[in-house]
Amino acid sequence: MDIFETFDGHEEVLFGSDPASGLRAIIAIHSTTLGPALGGTRFFAYPNETEAIVDVMRLSEGMSYKAAVSGLDLGGGKAVIIGDPRQLKSERLFRAYGRLIDSLGGRYVTAEDVGTTTGDMELIAKETRHVTGLPQARGGSGDPSPATALGVFHAMRAAAASLWNDPNLHGKRVAVQGVGKVGGALVELLTDAGAHVIIADINAAEVARLVEVHGVTSVAPDEILFTECDILAPCAMGAVLTESTIPLLMCEAVVGSANNQLGEDKDAERLEDHEIVYVPDFVANAGGIINIADEAAGRTYSWDRAIEVVKRIETTVDSILDRASDQATTPHAAAMAIATERIASVASLPMPPLQKGSHR
Ligand code: NAD
């Protein structure tokens, strides 16, 4: 592969290994223009190293835009550990990985992601301060999912205001695909707000529990995308909005937590052509990183303070939808423009790149 072609604007990519524990890690720092590059560590059995490199770079770039559009003073980074977490996890591996993070002197700050847990972050914390997502009992921000769900809820309110001139979700039909950590918390927020919620998940026991507790209705997992509703909330996996699914959607808006919901960028235009308001995933699901940012700011973490910032996702989405309509573009393109303009405006200030040791 052409490594520097793939870099495409990344400041730095660090490869680290510890043969004794089997650690093979890649840390990608896309941008520290707005602040330390914050992004989770994904522990995954990639089929080959090329896929791991491509994934970590794509994800770290996405983190730059998510932080920028959310108004955070954070850059974009991400890390991957290559291998099966069930077989490889050990204290030695995470401590070796913690030392690798520490060698960056705060230019990269890690957090949980697919395959890593709060407990893993505690092991990393034995070797470096540049780790977030620690348990709340240790002064950390803990599981980001409730904050992510709250952010999606507020993004839905903004979409509702744009479509129906009223942010209130009372009486709106919302279809939630995937009722895991984020989707489950979202169902509770929506039912409390008086929405009619329809859910689906491959985990039938969890579906039955939510039907029982919240009185929601359920459909089969392969029906939820095409269920008639006002708002569709993809909260399971990515690439659900594609050339083949979009014409079959029966909603007026798509607002969910899943990362990379669009199969390709062109799908944002396909949604527009079908008169479906799409709130970009990296805007709607930024509640988790906003919550972690409060912990990363180097003071005692506060849930109350963090959620005040999470709620601002509603105004962020308002301005994105306004800009999209004023400039006859898609919300996805408008959000990308806001993010890149913010990074460019700070990049144009006379400052050197963030130095090692500059993060608290
Ligand atoms: P999770 O694993 O707790 O929940 C995902 C749920 O989706 C599970 O219940 C799973 O059974 C279900 N699911 C999987 N395939 C399905 C299918 N085909 N049909 C219906 N349901 C299916 O994960 P989560 O933390 O709730 O995250 C959900 C999504 O949001 C992911 O895409 C994640 O990357 C994204 N996200 C999460 C956070 C966070 O704070 N947790 C932050 C940003 C983005």
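Nothing here was measured: the structure is a model prediction, and the numbers come from that model.

(A) Up close: the sheet that holds strand E12 (residues 277-278). If you trace the 6 strands from one edge of the open sheet to the other, you get E9-E8-E7-E10-E11-E12, paired in parallel fashion. Only two strands of the sheet have a single partner each, and these edge strands are strand E9 (217-218) and E12. Bridge count between strand E7 (residues 173-177) and strand E10 (residues 231-234): 4 bridges; the pairing is parallel. Residue pairing for E10: Ala 175 is matched across the bridge by Leu 232.

(B) Fine view of the packing of aromatic side chains. Applying the stated rule across the entire model yields 2 aromatic pairs. Ring geometry for Phe 43 and Phe 94: centres 6.1 Å apart, planes at 75°, overall edge-to-face. Here Phe 43 is found in strand E4 (residues 41-44), whereas its partner Phe 94 is found in helix H4 (residues 91-102), with 51 residues between them in sequence. Among the residues examined, Phe 43 registers a relative accessible area of 1% and is labelled buried. Each ring, one from Phe 44 and one from Tyr 46, has its centre 5.0 Å from the other, and the planes form 75°; the classification is edge-to-face. Given the relative accessible area of 10%, Tyr 46 is considered buried. The aromatic ring of Trp 164 is capped on one face by Lys 172, whose charged end is 4.4 Å from the ring centroid.

(C) Representation of a negative patch on the surface within the structure. A cluster of like negative charges, contributed by Asp 265, Glu 269, Glu 272, Asp 273 and Glu 275, occupies part of the molecular surface. Relative to the helices and strands, Glu 272 is located in helix H9 (residues 266-273).

(D) Region of the structure containing the side chain of Ser 21. Within the secondary structure, Ser 21 sits in the loop between strand E1 (12-18) and strand E2 (23-31). Of note is the side chain of Ser 21, whose polar atom sits 2.6 Å from the side chain of Asp 18. Discounting residues that sit within four places of it in the chain, Ser 21 has contacts with Leu 88, Ser 90, Arg 92 and Leu 93.

(E) Inspection of the site of the ligand at higher detail. Thr 148, Val 182, Asp 201, Ala 236 and Ser 257 are the nearest of the 19 residues found near the ligand. The contact in question runs from a nitrogen atom of the ligand to an N or O atom on the side chain of Ser 145, over 3.1 Å. Separating an oxygen atom of the ligand from a side-chain N or O atom of Thr 148 is a distance of 2.7 Å. Protein contact buries 73% of the 840 Å² of open area that the ligand shows by itself. Among the elements of the structure, helix H6 (145-164) and helix H7 (181-192) are those that each provide at least two residues to the shell around the ligand. Tallied by class, residues from the shell around the ligand come to 10 nonpolar, 7 polar and 2 charged.

(F) Local environment of the pairing of strand E8 (residues 196-200). Within E8, 4 of the 5 residues are buried, which leaves the element mostly enclosed by the surrounding structure. Note that E7 and E8 share 5 bridges and pair parallel. Along E8, the bridge assignment pairs Arg 173 with His 196. Read from E7 through H7 to E8, the crossover connection turns out right-handed.

Here is what the cut-offs are and how they apply
Residues numbered from 1 in each chain as written. Predicted model: local features only at pLDDT ≥ 70, side-chain atom pairs only at ≥ 80, totals over all residues. Heavy atoms only, no water. Pairing = 2+ DSSP bridges. Helix = DSSP H or I, 4+ residues; strand = E, 2+ residues; numbered from the N terminus. Phe/Tyr/Trp six-rings, centres within 6.5 Å; stacked < 30°, edge-to-face > 60°. Buried < 20%, exposed > 50% of the residue type's maximum accessible area, 1.4 Å probe, protein only. Lys NZ or Arg CZ within 6 Å of the ring centre and 35° of its normal. Patch = residues over 30% accessible without salt bridge, like charges linked within 9 Å, V, L, I, M, F, W, Y side chains within 5 Å. Areas by Shrake-Rupley, 256 points an atom, 1.4 Å probe, with all protein chains shown as cover. Salt bridge = Lys/Arg side-chain N within 4 Å of Asp/Glu carboxyl O. Lys, Arg positive; Asp, Glu negative; His and termini not counted. Charge placed at Lys NZ, Arg CZ, Asp CG, Glu CD. Polar contact = N/O pair within 3.5 Å; in protein donor to acceptor, adjacent residues only side chain to side chain. Contact = heavy atoms within 4.5 Å. Near = heavy atom within 4 Å. Nonpolar A, V, L, I, M, F, W, Y, C, P; charged D, E, K, R; others polar. Right-handed = clockwise from strand over helix to strand, strands pointing away.

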